[in-house]
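Structural overview for review
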Amino acid sequence: MEKQVRAPDVAHPGLRWFNVPAPLSLRDLAGRLVILDFWTFCCINCMHILPILRRVEEAFPREVAVIGVHSPKFAAEKDPDNVARAIARYGIVHPVVHDPECRIWRSYAVRAWPTLVFVSPDGYVLGAHSGEPDPDALLRGLSQVVDQMRSAGHAAPGALPLAPVPPAGGRFSFPGKLRPLRGGEKAWALCDSGHHQIAVLDDAGRDRGRAGSGEPGWRDGEMGEARFQSPQGLAADDAAIYVADTWNHRIRRIDRESGRVTTLAGTGARGLALGGPAPGLQTALASPWDLEVRGTRLFFANAGTHQLGVVDLARGTAERLAGSGAEALVDGPAAEAALAQPSGLALDPHGERLYFVDSETSSVRYVSLNGRPEVHTLAGKGLFDFGHENGPLDRALFQHPLGIAWLEGGGGRLLVADSYNGALRVVDLRRQWASDLDDGFDCADPVCLPAGEPAGAAVDTPERVFMVDTNNHRILEYLVRERTYRTWSQ
């Protein structure tokens, strides 16, 4: 008979808890089936299982207790204030314990994000699952365990006392990417992710209109009635705004004349690795995070499968552009290369290269689009190599960058939103050099705040650029010649 293993307690002294008024121990949770979710807020696969856990909580509100154990990978993820913002951004309502030194992680011998550990009502480890579980299989298995609990006479206690982190933001809530709208009067499109909307702004940062009702979900139709779910990225041409509707696992189109919203690709289900061309509406995507468009080719960062894809707007098909589906940093022929959660895209003016940032390898890379596509890395070394270092690109370090934009001048430059370093960085392609854009800039705001995980970078001219300051729910404008920056829209 296999020996039962007593579950190590989660009530370590000095750890900060969220969504509950006081720390919890396994003794406090006795009588419930406990699911420990070992996660970190950068991890796309961790994000994917949050809606699965929400289904579990709704199905078994008394019998099952989900406890998030935040086990950080990046230095920025050790800051408890950043954890609180991530909990608000993702709408997590179950208790979360922040374990910055991964003591609970080690006590359970966890090896990967995400990992679910199941603890019996009397405090023994029942098993563990690494990676994303099948939602229906998980619910069936839990239903059987709950039935056994009831048959064994385990009393289901009342619901846990919860004190959820309040929603954050004002006019914007955790905004993502910002892109210029060309043609006519100068305007901008913004993913107002936390409000599940696309905001169209004038050049002074004022609202001109919004697509999306503000309620999360999926619905095509008129501009104010359509629904999105945490859109992160977008692109635009003369006819349309294209939206990476991230948590709907879809790519959407907003007609710039009528405002009508339609779906171009995605089934709504989290997809597996992309392959050859297939009808877009029959191709399951996985958390598309950003877009770029040139002619009839709409490029997308399929963050959840660590790939880049392309939608043929004329034919209505979607297929892989680059990435085998493995999570790593491997250059070479596009189909064989390995990416790691690509999260931002930028085309060069000639359409010869698609630059992208791989957030999990903290790297800046590109795929060549002429001839046989190949992936090349400009800066970045691997999944656990990160920092804030300027200088030659082969030695420069970034930390979980999320945004990138083409910056004219100097033989070609890139503007990078280096999210976990809270900085705008410049990659000089001719000099092969990385630097901070805002080194020595003066803040023109009455109250100056440090940047909070910027997710987007945008360029008007080389002398006027923008950073989407995500956790501060605002957009900053940088005037390069004057060496000043200010809040442009909030």
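In this report, the structure presented in the accompanying data block is examined. (Residues numbered from 1 in each chain as written. Predicted model: local features only at pLDDT ≥ 70, side-chain atom pairs only at ≥ 80, totals over all residues. Heavy atoms only, no water.)

**Digging into the layout of surface pockets**
In this structure, the largest pocket spans a volume of roughly 1200 Å³. With 8 residues, the top contributor of residues to the lining of the largest pocket is helix H1 (residues 44–59). By residue class, the composition of the lining of the largest pocket is 23 nonpolar, 18 polar and 8 charged. Its boundaries defined by the atoms lining it, the second largest pocket holds a volume of some 670 Å³. Lining the second largest pocket are 28 residues; nearest its centre among them are Arg179, Pro180, Arg182, Glu292 and Leu347. If you list the elements that add at least two residues to the lining of the second largest pocket, you get strand E7 (178–181), strand E11 (233–236), strand E16 (288–294), strand E21 (342–347), strand E26 (403–407) and strand E31 (456–461). In terms of residues, the lining of the second largest pocket owes the most to one element, E31, which gives 5 residues. When grouped by side-chain class, the residues that make up the lining of the second largest pocket number 17 nonpolar, 1 polar and 10 charged. (1 Å grid on protein atoms, 1.4 Å probe; cavity = no way out; pocket = protein on both sides within 12 Å on 5 of 7 lines; lining within 4 Å. Points joined across faces, edges and corners; volume = space filled by probe spheres on them. Helix = DSSP H or I, 4+ residues; strand = E, 2+ residues; numbered from the N terminus. Nonpolar A, V, L, I, M, F, W, Y, C, P; charged D, E, K, R; others polar.)

**A short note on the nonpolar core**
Ranked by size, the top nonpolar core spans 24 residues in total, and within it Trp39, Phe41, Ile87, Tyr90, Ile92 and Trp289 carry the most contacts. Per-element accounting of this core gives the leading share, 5 residues, to helix H2 (residues 80–90). Contact partners of tyrosine 90, with chain neighbours within four places excluded, come to Trp39, Phe41, Met47 and Leu50. Judged by nonpolar contacts, the second largest core, of 23 residues, contains Leu24, Val69, Ile104 and Leu160. (Core = buried A, V, L, I, M, F, W, Y, C linked by side-chain atoms within 4.5 Å. Buried < 20%, exposed > 50% of the residue type's maximum accessible area, 1.4 Å probe, protein only. Contact = heavy atoms within 4.5 Å.)

**Comments concerning the sheet that holds strand E15 (residues 278–279)**
In spatial order, the strands read E15-E19-E18-E17-E16; together these 5 strands make up an open sheet with antiparallel pairing. Looking at strand neighbours, the two that pair on one side only are E15 and E16, the edges of this open sheet. (Pairing = 2+ DSSP bridges.)

**Thoughts on the state of the cysteines**
In protein structure, a disulfide is the covalent linkage between the sulfur atoms of two cysteines. Enumeration over the complete set of coordinates arrives at 1 disulfide. Disulfide partner of cysteine 443: cysteine 448, at an S-S distance of 2.1 Å. One disulfide, between cysteine 443 and cysteine 448, carries an S-S torsion of -100° and so falls in the left-handed class. Accessibility expressed as a relative area gives 25% for cysteine 443, which makes it partly exposed. (Disulfide = S-S within 2.5 Å.)

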